[in-house]
Amino acid sequence: MAEVPTSLVLRRPDDWHVHLRDGAMLRAVLPATARTFARAIVMPNLRPPVTSVDAAEAYRSRILEALPEGISFEPLMTAYLTDDLDPDELARGFAQDVFRAAKLYPANATTNSAAGVSDLSKISSVLTCMEAIDMPLLIHGEVTDPDVDVFDREALFIERHLKPLRQRHPQLRIVLEHITTEESATYIREAYQSGDDRIAATITPHHLHLNRNAMFMGGLRSDFYCLPVVKRECHRRALVKAATSGLPCFFLGTDSAPHPRSGKESACGCAGIFNALHALESYAAVFEQASALDQLEGFASEHGPRFYGLPLNADTVTLVRRQQSVPARLTPPRFACLGDDALPDSEWPLLFHAGEALEWTAEFH
Ligand code: NCD
Ligand code: ZN
């Protein structure tokens, strides 16, 4: 029988999908991401969304200002695609290394997506431009048709939109974000196995841990509500298989998405799970359960940078087999509470795995 490791030294990972928000929430949640991840793809769904090079540069400066001293962290900015975004603006931001990618939110698919794309045909010149300059397109892959069952929206997106899109733009580099279904995992794997290395997918810790029962356990649990919504157990298993497969087309993206408590504890609760604080330990639990700890480094630290054409990180983090209990709430640094937009204690986000024990603890150098 293989020996059980007591510690694991990993190349420092990156988070290829995170919501850092702005203002007091940014100051509260950024340290959790920055202490673990060397870089992160920062989602642009602010209010108003990040649709210009100037707005992305200003947002990047606010992130760097909020960074605790002594922590190295590089925010990789993204553009929010709208029906009328100018391809030249996108190309200029990409050439200047301000925009690393552009995010496609189908209009009204999720949090702050009202300004998203109403029809893919509206952005065909943008997609042609992105294909020509090899700028990654990051996709929230759900149809928004209200007649389609919410649990079927991702699978239908592949058939209705993704397959035709890839026929029209075969060279476009695409990340299907936060996949939640067996259909998506199979689609991405088959593309890779047929020799197509221009499409990949991120997988979140919560979609690896939860099935849809979590949202209804003992009552309506908005803390387990995110988009795309968690699916049946067979889908969770398919995602675990994909994440732990060692295939380079699957990599880490937490989709950590904090909301103030009043936003979650509402008759119409917001979608989003805040998992940044224990993300690496959470993934480690899944990989260990699948007897695949040896695949964690590839998933967390190697496949993402290779897909984005960026160097691998040189520094490391150590995961130690030491149990930790996860507190209910984030306790942000005091400075998060200062300023006009202060976040009262009662609004601090609940942590993913709140009240549970995790077997691994990340140590940072
Ligand atoms: C995200 C958010 O809150 O910004 N919510 C979520 O449930 N994942 C938006 C998104 O990525 O869909
Ligand atoms: Zn997201």
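Look up a bit, the structure's there.
Quick caveat, the model's predicted, so the values are computed rather than measured. (Residues numbered from 1 in each chain as written. Chains lettered and ligands numbered in written order. Predicted model: local features only at pLDDT ≥ 70, side-chain atom pairs only at ≥ 80, totals over all residues. Heavy atoms only, no water.)

Peer 1: Looking at this structure, how should I read empty space enclosed by the protein?
Peer 2: Summary: where empty space remains is shown by rolling a probe the size of a single water molecule over the atoms. Tallied over the entire structure, the rule returns one cavity of 30 Å³ or more. One number sums up the size of the largest cavity: a volume of about 130 Å³. Looking at the largest cavity, it is lined by 19 residues, and the ones nearest its centre are His 19, Thr 110, Leu 227, Asp 255 and Ala 257. (1 Å grid on protein atoms, 1.4 Å probe; cavity = no way out; pocket = protein on both sides within 12 Å on 5 of 7 lines; lining within 4 Å. Points joined across faces, edges and corners; volume = space filled by probe spheres on them.)

Peer 1: Just to check I follow, could you spell out the environment of Ser 7 for this structure?
Peer 2: By secondary structure assignment, the location of Ser 7 is in strand E1 (residues 7–11). Through-space distance from the C-alpha of Ser 7 to that of Leu 319 is 5.5 Å; in sequence the pair is 312 residues apart. Non-local contacts of Ser 7, meaning those with residues more than four positions away in its chain, are made with Thr 318, Leu 319, Val 320 and Trp 360. (Helix = DSSP H or I, 4+ residues; strand = E, 2+ residues; numbered from the N terminus. Contact = heavy atoms within 4.5 Å.)

Peer 1: Teacher, can you tell me more about the site of ligand 1 here?
Peer 2: Surveying the vicinity of ligand 1 reveals 15 residues, the closest of which are Arg 21, Asn 45, Thr 110, Leu 227 and Asp 255. Between ligand 1 and Arg 21 there is a distance of 2.8 Å, counted from an oxygen atom to a side-chain nitrogen or oxygen. At a separation of 2.8 Å, an oxygen atom of ligand 1 approaches a polar backbone atom of Leu 227. For ligand 1, the cavity whose grid points lie within 2 Å of the majority of its atoms is the largest cavity. Residues that form the shell around ligand 1 fall into these classes: four nonpolar, nine polar and two charged. (Near = heavy atom within 4 Å. Polar contact = N/O pair within 3.5 Å; in protein donor to acceptor, adjacent residues only side chain to side chain. Sits in = over half its atoms within 2 Å of the grid points. Nonpolar A, V, L, I, M, F, W, Y, C, P; charged D, E, K, R; others polar.)

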